[in-house]
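Commentary on secondary and tertiary structure
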Amino acid sequence: MKKIIYTFSVLTMLLTLSSCKKYLDINTSPNTAEQVDPKLLFSYATVAYMNLRSSGDLYIPMGLASQSLNAGGNNPTGWSGGDPSPDIYTFSANFFNNTWVSLYVRGGANLQQAIRLSEAATPVNNNAAAQSKVLLAMMVYDITTTFGDVPFTEAWKSEILYPKFDDQKTVLEGTLTLLDQALAQFDVNSPLKIGANNDGYDLLYKGDIAKWKKLAKSLKLRTLLTMVDKESSKAAAIGALLTDATQPMVSAVADNVAIPYQDVANKRNPKYAISLQYNSGVNFFFASKPVVDIMNAAPIADPRLPRFFDKPASQATYIGVAPGADAVDAVNPRIAATLHSPAAPEVFYTYQEQLFAEAEVYARGLGVAVDLTKATTLFKQGVEESSKFFGVSATNATAFSAAFPAFTTPAAAIKAIHEQQWVDKMDRGLDAFTQWRRSGPDGSEVPVLTLPIGAPAGPIFRRFEYPITNEISNNPNAPKTTVRYNEKMWFDL
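Residues numbered from 1 in each chain as written. Predicted model: local features only at pLDDT ≥ 70, side-chain atom pairs only at ≥ 80, totals over all residues. Heavy atoms only, no water.

Okay, the overall build of the protein chain next. Looking only at helices and strands, the protein chain features 17 helices and 4 strands. If one aligns the C-alpha atoms of the protein chain with their principal axes, the spans along those axes are about 65 × 55 × 45 Å. The buried share of the protein chain, taken over its 493 residues, is 61%. A separation of at least 24 residues holds for 75% of the contacts in the protein chain among residues at least 6 apart in sequence. Seen as two clouds, the 44 positive and the 46 negative side-chain charges of the protein chain have centres 2 Å apart. (Helix = DSSP H or I, 4+ residues; strand = E, 2+ residues; numbered from the N terminus. Buried < 20%, exposed > 50% of the residue type's maximum accessible area, 1.4 Å probe, protein only. Contact = heavy atoms within 4.5 Å. Lys, Arg positive; Asp, Glu negative; His and termini not counted. Charge placed at Lys NZ, Arg CZ, Asp CG, Glu CD.)

Put into structure tokens, the structure is as follows:
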């Protein structure tokens, strides 16, 4: 059965949110797109993107291989079901192929064309172009943190059939440029934008340009934090972001980018739908020991545990499954039904993520003086907001946050912050994996992960391999040597 499930992809989910014409497949070429309304291109790219991030092609292999999820080993109703799976580094070619096509071909090409059309319109639709640039920056960040070196400077140009593959530093710099261009282009006073008059085409912010500007600046911070350990000069840019009061970053729950699904046939969250269709509604995934161990080590009982996991009734405590080990139904919890509910949102960026990022900046002194008092405050706010985000009451969230001691050393602060950053993103696949990779040099990441039971000898998982697609196999500028799943990227020390 799992061999069949491997083909479950974003292609089967493109009409998840709506069956109306706004989500039709607009463009299937990586370099060109038809002359259509930019909002159609934008909305199609959004749907393809969110479905990929929560589907079997990206979310599942990333979560399992990076150990934020557990496949259950030989448990018959676990994802592995006794078969090799991504938790022990057995990958379907569909994972790589469908992820590439969704992000690079469907996402990138449509957004680049939306930008061109918006800027060529009369009058110019600056907001639509800027919105598309921010979404494109998000996708490009995901493309490069998934595959490494990818086409960017020559990508999505009709006159270039075989674009070169840019190194990851160039690609990440390109996302920063896109975000800067968007921030300069946004016009809060213009009625021209995607999402005007609540038209339904802006699923992120419904045309709220002030929120789009906050997100753009926060995405700059995220990208710079990904780069700074490899390129220390980025610390100055990080400090400038935090001390610049002219443009706020994400600063409230209302600024979250979390697009909800609907509990209606063909509109449900893929995380729910796949278990419903192939496992009689039983969640395929178990609590991973590295995640549970961090949560169990909190100063008081972590109130998110029952929000993340459904514990067997006979168990008094939460016991995670070691990567590659067999899960036991009477002992080990599965991912909570409420976390993978039909209408659960696909989460792109949150207020708690912002708070943790700012706490990290002050704990590390990145472009600012080390300030453990401020880092403690931001960290505790992040823990509280994370708890409330997952359904913990405000009273219990405040009590849990208050139980964490004040930071007294930068090293302890950084470790605690990275732990909570990873736990908070536990169910976000690629986001959790990127957070883990940037949390420390090889062997000192937070948490320290080891080779899963049953996995091939060698380094642990670090990336997706390049797919075999026409855009790559026929491109003379594509990498000619095989890049394996356990080879580190530029940013990954």
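Here the narrative resumes.
This paragraph deals with the environment of Met138. Within the element layout of this structure, Met138 appears in helix 5 (residues 126–147). With 40 residues separating them along the chain, Met138 and Leu178 place their C-alpha atoms 9.7 Å apart.

An ideal rise of 1.5 Å per residue puts 40 Å on 28 residues; helix 4 (residues 93–120) measures up with 39 Å between its terminal C-alpha atoms. At Gly108, helix 4 shows its largest bend, some 30°. The buried fraction of helix 4 is high, at 22 of 28 residues. In this structure Ser92 caps helix 4, since a side-chain oxygen of it lies 3.0 Å from the backbone nitrogen of Asn94. (Expected span 1.5 Å × (residues − 1). Bend = angle between axes of the 7 residues up to and from the residue. Polar contact = N/O pair within 3.5 Å; in protein donor to acceptor, adjacent residues only side chain to side chain.)

Once that is clear, we can look at the environment of Ser55. Along the polypeptide, Ser55 turns up in the loop between helix 2 (38–53) and helix 3 (59–65). The class of Ser55 is buried, set by a relative accessible area of 1%. Taking the C-alpha atoms as reference, Ser55 lies 9.3 Å from Ala273; in sequence the two are 218 residues apart.

Let's shift gears to unusual backbone geometry. Trans is the prevailing form of peptide bonds, just as negative phi is the prevailing case for residues other than glycine. Between Thr122 and Pro123 the backbone carries a cis peptide bond, its omega angle lying at -5°. Tracing the sequence through the fold places Pro123 in the loop between helix 4 and helix 5. For the peptide bond that leads from Val446 to Pro447, omega is -5°, which places it in the cis range. With phi around 55°, Lys206 is a residue other than glycine that occupies positive phi space. Residue position: Lys206 is located in the loop between helix 6 (168–185) and helix 7 (209–227). Even without glycine at this site, Asn266 takes up a positive phi of about 70°. By the element assignment, Asn266 lies in the loop between strand 1 (257–259) and helix 9 (270–278).

The subject of this paragraph is the packing of helix 10 (residues 289–296) against helix 15 (residues 410–424). Each packed pair of helices is defined by two parameters, the angle between the axes and the distance between the axes. In the contact formed by helix 10 and helix 15, the axes pass within 10 Å of each other and the chain directions differ by 125°. Between helix 10 and helix 15, the angle falls in the class oblique. Crossing hand, helix 10 versus helix 15: left-handed. Judged by residue contacts, Pro290, Val291, Ile294 and Met295 of helix 10 engage Glu419, Gln420, Trp422 and Val423 from helix 15. (Axes fitted to C-alpha atoms, helices over the stretch in contact; angles between N-to-C directions. Parallel < 35°, antiparallel > 145°, perpendicular 65-115°, else oblique. Left-handed = near helix turned anticlockwise from the far one by under 90°.)

Attention shifts here to helix 15. Because the α-helix completes a turn every 3.6 residues, residues three or four places apart line up on one side. In this model helix 15 runs 21 Å from its N-terminal to its C-terminal C-alpha over 15 residues, within 8% of the 21 Å that 1.5 Å per residue would give. Among the residues of helix 15, those classed as buried are Ala413, Ala416, Ile417, His418, Glu419, Gln420, Gln421, Trp422, Val423 and Asp424. The inward-facing, buried residues of helix 15 abut helix 10, helix 11 (305–308), helix 12 (351–364), helix 13 (372–389) and helix 16 (430–437).

Moving on, we get to the packing of aromatic side chains. Think of a pair of aromatic rings as described by two things: how far the centres are apart, and how the planes are tilted against each other in angle. One pass over the full model with this rule turns up 30 aromatic pairs. Each ring, one from Tyr205 and one from Trp212, has its centre 5.7 Å from the other, and the planes form 85°; the classification is edge-to-face. We note that Tyr205, like Trp212, is buried. The positively charged end of Arg222 is found above the aromatic ring belonging to Tyr141, 4.1 Å away from the centroid. (Phe/Tyr/Trp six-rings, centres within 6.5 Å; stacked < 30°, edge-to-face > 60°. Lys NZ or Arg CZ within 6 Å of the ring centre and 35° of its normal.)

Further remarks concern the packing of helix 7 against helix 12. Contact geometry for helix 7 and helix 12: axes closest at 11 Å, N-to-C directions at 50°. Here helix 7 lies oblique to helix 12, going by the angle between them. In the packing of helix 7 onto helix 12, the handedness of the crossing is left-handed. Packed against helix 7, whose contacting residues are Ser218, Leu221, Arg222 and Leu225, the element helix 12 presents Glu353, Gln354, Ala357, Glu358, Glu360 and Val361 at the interface. Broken down by class, the residue content of the contact of helix 7 with helix 12 amounts to 4 nonpolar, 2 polar and 4 charged. (Nonpolar A, V, L, I, M, F, W, Y, C, P; charged D, E, K, R; others polar.)

Structural measurements only, silent on function.
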